[in-house]
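# Examination of the molecular architecture
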Amino acid sequence: MFVGITNTPRDYAWGSRTAIAELFGYPPPGAREAELWLGTHPGSPARLTAGSGTLAELTTLPFLLKVLAAQTPLSLQAHPTTAQAIAGFDRENAAGIPLDAPSRNYKDASHKPELIFALQDGFRALCGFRPVEQTRAVLSRLGSVASPLLDRLPDDSALSSAFEWLISGGPAVSSLVSAVSAGATSVPGIEFEAVRVLAAAYPGDPGIVISLLLNVVELRRGEVLYLPAGNIHAYLNGLGVELMAASDNVLRGGLTPKHVDVPELLRVLDFSPVAVPYLEPTSGGPGVSVYRPDVPDFELVHVFGDDLDVQLELPGAAIALCVGGAVALTGSGAPYELDRGLAVYLDPAETSVRVTGAGELFVATPGVAAPVTST
């Protein structure tokens, strides 16, 4: 069974006024459109195109597919492991904190790993702590301005204490943030471009300096990042397809007016230095790439071409979203036409689906999908 679904983009303050509309080919509405949610998460369940119901009334999915359009930076954030989420959710329930309270950290008992597929060149993000040796080289370009932080970063083992000092704030941190913000105006490089963007959006925020501890990346179209539990990250700008576990657990670390729980964030963060966490695809044949992270909740299949004829073997219920051209999906019944901007839910009985046409399609499925074959 194929079931048409849709939703209204969420109007977060950092969203773009044009990007999602231009992607799907409708007139910009004037309001900001930040995230289009396609899934069963209670925060914004997808609506059925036929009738007045929601997809959540038909099923529950372990993943949430989104289109994300960031005009300005999102908050610095990290997500918990499953064990941390269960413990935190139970703890806050026992304390009687309402689910919609601004001070609530855990909205559910699930982890929230995620991946982002850049739909355009120039998608920029902060993603994980870089090795301190590299950070020291970056900071040295600021001269004596950076000395208070350099003195706290002799090696990788000092990352957690330096981060805690920065995020806890205080007069010394405020002075450093002001000095770095001013000093970065004349220093070239993507790291200092990020500082300038963050200083303009969130003047005085410790996250401005924290960004210099992190990997900064500019994605080309088609590149993918995978952000597991504990990875501190922030999207700075760009348009992408995001896929994650169906959770809303976010521990924020600055660059936001929202609640920041420093002790809980410190418990969740992984301070191990990492390279830029690219997720490389496996091939499913001509025109098909499969992105498989190390979790069972989700994987992303990307289908793209001018003369498509591929067979997708799906492990369970799926969501397909067409972002360009037009394709036809053929399963157990009549073909289902998907034009640009349209989405469909595929129930678990549709284990083998043929894709034909000329366009670009994203298919979100549970993890460990069966092989994808071309015909």
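Before reading further, recall that the structure is shown in the block above.
Residues numbered from 1 in each chain as written. Predicted model: local features only at pLDDT ≥ 70, side-chain atom pairs only at ≥ 80, totals over all residues. Heavy atoms only, no water.

### A few points about the overall build of the protein chain
The helix and strand inventory of the protein chain stands at nine helices and 19 strands. Referenced to the eigenvectors of the C-alpha coordinate spread, the extents of the protein chain come out at roughly 70 × 50 × 40 Å. Within the protein chain, the proportion of its 375 residues that are buried is 55%. The long-range fraction of contacts in the protein chain, counting pairs at least 24 apart against all pairs at least 6 apart in sequence, stands at 76%. For the protein chain, the computed accessible surface area is about 14,700 Å², with 54% contributed by carbon and sulfur atoms. Taking the average place of the 23 positive charges on the side chains of the protein chain and the average place of its 39 negative ones, the gap between the two points comes to 7 Å. (Helix = DSSP H or I, 4+ residues; strand = E, 2+ residues; numbered from the N terminus. Buried < 20%, exposed > 50% of the residue type's maximum accessible area, 1.4 Å probe, protein only. Contact = heavy atoms within 4.5 Å. Areas by Shrake-Rupley, 256 points an atom, 1.4 Å probe, with all protein chains shown as cover. Lys, Arg positive; Asp, Glu negative; His and termini not counted. Charge placed at Lys NZ, Arg CZ, Asp CG, Glu CD.)

### Topic: helix α6 (residues 171-183)
Here α6 is 13 residues long and its end C-alpha atoms lie 18 Å apart, about the 18 Å a rise of 1.5 Å per residue gives. Here α6 has its buried residues at Val173, Leu176, Val177, Val180, Ser181 and Gly183. Each buried residue of α6 sits inside an arc of 165° when the element is viewed along its axis, so together they form one side. Seen from the open side of α6, the exposed residues pointing more than 90 degrees away from its buried face are Pro171 and Ser175. (Expected span 1.5 Å × (residues − 1). Arc of directions from axis to C-beta.)

### Some points on the environment of Asp151
Tracing the sequence through the fold places Asp151 in the loop between α4 (147-150) and α5 (159-168). Taking C-alpha positions, Asp151 is 36 Å from Ala13, a pair spaced 138 residues apart along the chain.

### What about helix α3 (residues 132-140)?
The set of residues buried in α3 consists of Val132, Thr135, Val138 and Leu139. Projected onto a plane normal to the axis of α3, the buried residues spread over an arc of 115° and lie on a single side.

### Quick look at unusual backbone geometry
Backbone geometry places Leu255, a non-glycine residue, at a positive phi of 60°. Looking at where Leu255 falls in the secondary structure, it is placed in the loop between β11 (251-252) and α9 (262-268).

### Observations regarding the nonpolar core
Ranked by size, the top nonpolar core spans 49 residues in total, and within it Phe129, Leu149, Phe163 and Leu166 carry the most contacts. Among the elements that take part in this core, α5 stands out by supplying six residues, more than any other. Contacts of Leu149, omitting those with residues within four sequence positions, involve Leu139, Ala162, Trp165, Leu166, Leu176, Val209 and Leu213. Counting residues in each nonpolar core, the second largest holds 37 residues, with Val67, Leu119, Val241 and Tyr345 among its members. (Core = buried A, V, L, I, M, F, W, Y, C linked by side-chain atoms within 4.5 Å.)

### A word on the packing of aromatic side chains
Following the criterion strictly, the structure yields eight aromatic pairs and no others. Measuring from centroid to centroid gives 5.9 Å for Phe117 and Tyr291, while their planes differ by 85°, and the two rings are edge-to-face. One end of the pair, Phe117, is in strand β6 (residues 114-118); the other, Tyr291, is in strand β13 (residues 288-291), with 174 residues separating them in the sequence. Of the two residues, Phe117 and Tyr291, both sit in the buried class. Cation over ring: Arg10 sits above Trp37, and NZ or CZ is 4.5 Å from the ring centre. Over the ring of Tyr12 we find Lys258, and its NZ or CZ is 5.8 Å from the ring centre. (Phe/Tyr/Trp six-rings, centres within 6.5 Å; stacked < 30°, edge-to-face > 60°. Lys NZ or Arg CZ within 6 Å of the ring centre and 35° of its normal.)

### Observations regarding the side chain of Thr365
By secondary structure assignment, the location of Thr365 is in strand β18 (residues 352-365). Residue class for Thr365 comes out buried when judged on its relative accessible area of 0%.

### Examining the pairing of β6
Among the five residues of β6, five are classified as buried, and the element is accordingly described as predominantly covered. The pairing of β6 with strand β9 (residues 224-227) spans four bridges and is antiparallel. Looking across to β9, one finds that Phe117 is bridged to Val224. (Pairing = 2+ DSSP bridges.)

### Digging into the side chain of Glu191
Tracing the backbone through its elements, the reader meets Glu191 in helix α7 (residues 190-201). When near neighbours in sequence (up to four residues on either side) are disregarded, Glu191 contacts Arg130, Val138, Arg141, Leu212 and Val216.

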